[in-house]
There are 2 protein chains.
Amino acid sequence: MDKLWSALSDSTRRNILLLLHEKDMNAGEIADNFKISKPSISHHLSILREAHLVYSHKEGQTIIYSLNKTTLRDVSRFITLLMK
Amino acid sequence: MDKLWSALSDSTRRNILLLLHEKDMNAGEIADNFKISKPSISHHLSILREAHLVYSHKEGQTIIYSLNKTTLRDVSRFITLLMK
DNA sequence: TGGTTATTTCGAAGTTTATCTAAATAAAGT
DNA sequence: ACTTTATTTAGATAAACTTCGAAATAACCA
């Protein structure tokens, strides 16, 4: 749970998740939506990947990232428990 | 949203929320549930308070903390949106 | 083989965070 | 007034985090 929550604690990463909710994207496309450098975005993506919030697969020259909705259920469960 | 998510990113703070879900507690009682010092717990409580995840009121000599479930709805909304 | 494109890894700088002890504040009782 | 109890604030330190530019890796094409 720890990696999951700290992955979610950064607003750039939460915005990446919102982008991927709309559609799958490659790393460059994702980076184009932010002002920070590509290495920084790559780093954020690796944190999201380690938290299992996204997964990626290679397609030709590019790497496509997708939202992993399954992991979000763990967060949802925690919040729902507290709200009861 | 930023203070909210970073408040949730620390496991001690999430455990404080779980404790307060069971019942309201004063700061000392909360601290007794952890190995870290009382000043550290006090610091965590102030972060939770600033994020509006808990509120507090004085009762005689002690300060009673309670879970603020309303704020959790914002988190829940974000997660629910992503899960759709 | 060499060049181009896409992405990650490396190494460093600056900022933020969690934690501690010691000191300060505040309320209550003696 | 002084002491005890409950909690917070202050100041310091070490670890973790975000960010960058430059270099490395990998795939594709000419």
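Here the structure is a predicted model, which is why all the values come from computation and not from measurement.

Help me understand the pattern of salt bridges in this model?
One side chain can pair with another of opposite charge once the charged atoms of both are near each other. Residue and element names in this part refer to chain A. Throughout the structure, instances matching the rule amount to eight salt bridges over all chains. Between D74 and R77 there is a salt bridge, and its shortest N-O distance comes to 2.9 Å. Of the two residues, D74 and R77 are both situated in helix α5 (residues 69-83); the distance of three residues between them amounts to about one turn of the helix. For D74, a relative accessible area of 32% gives the class partly exposed. Accessibility expressed as a relative area gives 54% for R77, which makes it exposed.

It is not clear to me how the protein's contact with DNA strand D should be interpreted in this structure. Could you clarify?
In the neighbourhood of DNA strand D, 22 residues make up the surrounding shell, with S37(A), S40(A), H44(A), G28(B) and Y65(B) lying closest. Those atoms of DNA strand D that come within 4 Å of the protein belong to sugar or phosphate at a rate of 68%. Contacts to DNA strand D include S37(A), whose backbone N or O atom sits 2.6 Å from a phosphate oxygen. If you list the elements that add at least two residues to the surface near DNA strand D, you get α4 (38-50) of chain A together with α3 (27-32), α4 (38-50) and β3 (62-67) of chain B. Element by element, the count of residues in the surface near DNA strand D is highest for α4(A), at five residues. Split by residue class, the surface near DNA strand D holds seven nonpolar, 11 polar and four charged.

So, how was this worked out
- Residues numbered from 1 in each chain as written.
- Chains lettered and ligands numbered in written order.
- Predicted model: local features only at pLDDT ≥ 70, side-chain atom pairs only at ≥ 80, totals over all residues.
- Heavy atoms only, no water.
- Salt bridge = Lys/Arg side-chain N within 4 Å of Asp/Glu carboxyl O.
- Helix = DSSP H or I, 4+ residues; strand = E, 2+ residues; numbered from the N terminus.
- Buried < 20%, exposed > 50% of the residue type's maximum accessible area, 1.4 Å probe, protein only.
- Near = heavy atom within 4 Å.
- Polar contact = N/O pair within 3.5 Å; in protein donor to acceptor, adjacent residues only side chain to side chain.
- Nonpolar A, V, L, I, M, F, W, Y, C, P; charged D, E, K, R; others polar.

Worth remembering: the numbers are spatial, not functional.
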